[in-house]
Amino acid sequence: MFTYTAPLSTIDELVDAHYNNPGGVFAKGMVRMAGRLEPRTGGMIIAEGERAEVEAAVASDPFVVNGAATVEIVEFHRTR
């Protein structure tokens, strides 16, 4: 889960880079679902992959690199 730490104007400036980051979860095909939170305080991505790969992809995200968001990765194991 991404939690914004910067104003929404900064988030809006980085959003295209967030989606198009060549080393990120979107480019690597890890994303199964994604969307922003309401109220607009961050976003959630459900990604599939080895934890180390997901961590590396998230660490390269422009929101994180530019200090505009923090990230919490929670491992989830689907049972149904």
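Refer to the preceding data block for the structure.
Presented here is a report on the structure given in the accompanying data block. (Residues numbered from 1 in each chain as written. Predicted model: local features only at pLDDT ≥ 70, side-chain atom pairs only at ≥ 80, totals over all residues. Heavy atoms only, no water.)

Side note on the sheet that holds strand S3 (residues 42-47)
- Read from one edge of the open sheet, four strands run S2-S3-S1-S4, paired in antiparallel fashion. Here the strands that pair on one side only, and so sit at the sheet edges, are strand S2 (31-36) and strand S4 (69-71). Shown here is a sheet whose adjacent strand axes are inclined to one another by a mean of 15 degrees, direction ignored.
- In this sheet, S3 lies alongside strand S1 (residues 2-4) in antiparallel orientation, the contact comprising two bridges. Along S3, the bridge assignment pairs Thr 3 with Gly 42. (Pairing = 2+ DSSP bridges. Helix = DSSP H or I, 4+ residues; strand = E, 2+ residues; numbered from the N terminus. Axes fitted to C-alpha atoms, helices over the stretch in contact; angles between N-to-C directions.)

A few points about the pairing of S3
- As defined by bridge partners, S2 adjoins S3 across five bridges and the pair is classed as antiparallel. Of the residues in S3, the one forming a bridge with Gly 35 is Met 44.
- If you look at the hairpin formed by S2 and S3, you'll find five residues sitting between the two strands.

Focus on the layout of surface pockets
- Its volume calculated, the largest pocket comes out at about 740 Å³.
- Lining the largest pocket we find 23 residues, and of these Ile 45, Ile 46, Ala 47, Val 74 and Phe 76 sit closest to its centre.
- Only S2, S3 and helix H2 (51-59) provide two or more residues apiece to the lining of the largest pocket.
- Ranked by residues supplied to the lining of the largest pocket, first place goes to S3 with four residues.
- Its residues placed into classes, the lining of the largest pocket shows 14 nonpolar, two polar and seven charged.
- Surrounding the second largest pocket, 16 residues form its lining, Tyr 4, His 18, Tyr 19, Gly 35 and Arg 36 being those nearest its centre.
- When grouped by side-chain class, the residues that make up the lining of the second largest pocket number 10 nonpolar, four polar and two charged. (1 Å grid on protein atoms, 1.4 Å probe; cavity = no way out; pocket = protein on both sides within 12 Å on 5 of 7 lines; lining within 4 Å. Points joined across faces, edges and corners; volume = space filled by probe spheres on them. Nonpolar A, V, L, I, M, F, W, Y, C, P; charged D, E, K, R; others polar.)

Considerations on a nonpolar patch on the surface
- A cluster of nonpolar side chains, namely Met 1, Met 33, Met 44 and Ile 46, defines an oily patch on the protein surface of about 370 Å² accessible area.
- In this structure, Ile 46 sits in strand S3.
- We classify Ile 46 as partly exposed; its relative accessible area is 40%. (Patch = residues over 30% accessible without salt bridge, like charges linked within 9 Å, V, L, I, M, F, W, Y side chains within 5 Å. Areas by Shrake-Rupley, 256 points an atom, 1.4 Å probe, with all protein chains shown as cover. Salt bridge = Lys/Arg side-chain N within 4 Å of Asp/Glu carboxyl O. Buried < 20%, exposed > 50% of the residue type's maximum accessible area, 1.4 Å probe, protein only.)

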